[in-house]
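Chain by chain, the residues:
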Amino acid sequence: MKLKLPILSIFRNTLLFLLILGTGQEICAQELYVGSNAEFYLSKDAVFTTSNSVIQVENNGTFSLEANSDWGSDLEFVNGLVKVYGPGNTKLPVGDNGVYAPVNMEHTSEATAKYSNTAPDSGSNGTDVDAVSNVEFWELT
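*Asks:* Would you take a moment to explain the packing of aromatic side chains for this structure?
*Replies:* By convention here, two paired aromatic rings are described through the distance between centres and the angle between planes. Under the counting rule described, the total for this entry stands at 7 aromatic pairs. With a centroid separation of 5.5 Å and 20 degrees between ring planes, the pair formed by phenylalanine 40 and phenylalanine 63 is classed as stacked. Of this pair, phenylalanine 40 sits in strand β2 (residues 39-42) while phenylalanine 63 sits in strand β4 (residues 62-66), and the two are 23 residues apart along the sequence. Judged by its relative accessible area of 24%, phenylalanine 40 is partly exposed. For phenylalanine 63, a relative accessible area of 0% gives the class buried. Centroid distance tyrosine 41 to tyrosine 85: 6.2 Å. Interplanar angle 50 degrees. Geometry classified as tilted.

Put into structure tokens, the structure is as follows:
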């Protein structure tokens with residue numbers, strides 16, 4: 001003789017199993033990686049965290065912000081190019097090799113920043129930008 005369980009009972013038992021299975025799981029944030037020719041945009045009022053990890057940006061990738069943003073900290077910053085859209089007073093959360101070196105910039109249009117604690121390959125610090133020291137370099141536009 002076959003035993004027929006009501007669909008509601010099967011659904012309830014499956015749901016209970018999934019809830020029990022899920023109680024031992026921990027939800028962890030993943031590191032953010034912005035690939036080549038890609039862009040990640042963060043609006044100034046967005047609630048955003050990387051759970052204390054550095055955002056890695058490829059050479060042709062961009063992490064972008066809305067103007068007047070102040071996101072970033074010693075544990076959450078961008079290793080790569082940061083671009084800001086629009087006019088304002090913005091903290092660009094740049095860093096490199098574990099060094100957080102933000103740039104606070106008042107700008108009338110789009111602006112970009114990138115920080116490196118090694119000399120740039122080109123030997124140039126960019127147009128109209130002088131070296132700050134012989135161990136830290138900011139490229140600003």
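And the narrative resumes.
*Asks:* I would appreciate a short explanation of the sheet that holds strand β3 (residues 55-57) in the present structure.
*Replies:* Two strands in a sheet stick together by hydrogen bonds in their backbones, pointing the same way (parallel) or opposite ways (antiparallel). Taking strand neighbours across the sheet as the criterion, the 3 strands line up as β1-β3-β5 in an open arrangement whose pairing is parallel. Pairing within the sheet leaves two strands with one partner each, and these edge strands are β1 (33-34) and β5 (78-79). With 2 bridges joining them, β3 and β5 adopt parallel strand pairing. Following the sheet pairing, isoleucine 55 is matched in β5 by valine 78.

*Asks:* What's the story with unusual backbone geometry in this structure? I'm lost.
*Replies:* In this structure, asparagine 68 is a non-glycine residue whose phi angle is positive, near 75 degrees. Tracing the chain through its elements places asparagine 68 in the loop between β4 and β5. Under the relative-accessibility criterion, asparagine 68 is labelled partly exposed at 40%. A positive phi angle, close to 50 degrees, is found at asparagine 97, a residue other than glycine. Relative to the helices and strands, asparagine 97 is located in the loop between β8 (95-96) and β9 (99-100). The exposure class assigned to asparagine 97 is exposed, which follows from its relative accessible area of 56%.

*Asks:* Even after reading the chapter, I still don't get the nonpolar core, so can you show me in this structure?
*Replies:* Grouped burial of nonpolar side chains is what soluble globular proteins tend to show. Among the nonpolar cores identified, the biggest contains 20 residues, and Ile55, Phe63, Val78, Val82, Leu92, Val94 and Val103 are the most heavily contacted of them. Among the secondary structure elements, those contributing two or more residues to this core are β3, β4, β6 (82-85), β10 (103-107) and β11 (111-116). No other element matches the 3 residues that β11 contributes to this core. Not counting the four nearest positions on each side in its chain, valine 78 is found in contact with Ile55, Val57, Phe63, Trp71, Pro93, Val94 and Gly95.

*Asks:* It is not clear to me how the pairing of β4 should be interpreted in this structure. Could you clarify?
*Replies:* Every other side chain in a regular strand lies on the same face of the sheet, so the side chains alternate between the two faces. Taking burial as the measure, the 5 residues of β4 include 4 buried ones, the bulk of the element. Alignment of β2 against β4, held across 4 bridges, turns out to be parallel. Its bridge partner being in β4, phenylalanine 40 is matched across the sheet by phenylalanine 63. With 4 bridges joining them, β4 and β6 adopt parallel strand pairing. If you follow leucine 65 over to β6, its bridge partner there is valine 84.

Conventions used here
- Residues numbered from 1 in each chain as written.
- Predicted model: local features only at pLDDT ≥ 70, side-chain atom pairs only at ≥ 80, totals over all residues.
- Heavy atoms only, no water.
- Phe/Tyr/Trp six-rings, centres within 6.5 Å; stacked < 30°, edge-to-face > 60°.
- Helix = DSSP H or I, 4+ residues; strand = E, 2+ residues; numbered from the N terminus.
- Buried < 20%, exposed > 50% of the residue type's maximum accessible area, 1.4 Å probe, protein only.
- Pairing = 2+ DSSP bridges.
- Core = buried A, V, L, I, M, F, W, Y, C linked by side-chain atoms within 4.5 Å.
- Contact = heavy atoms within 4.5 Å.

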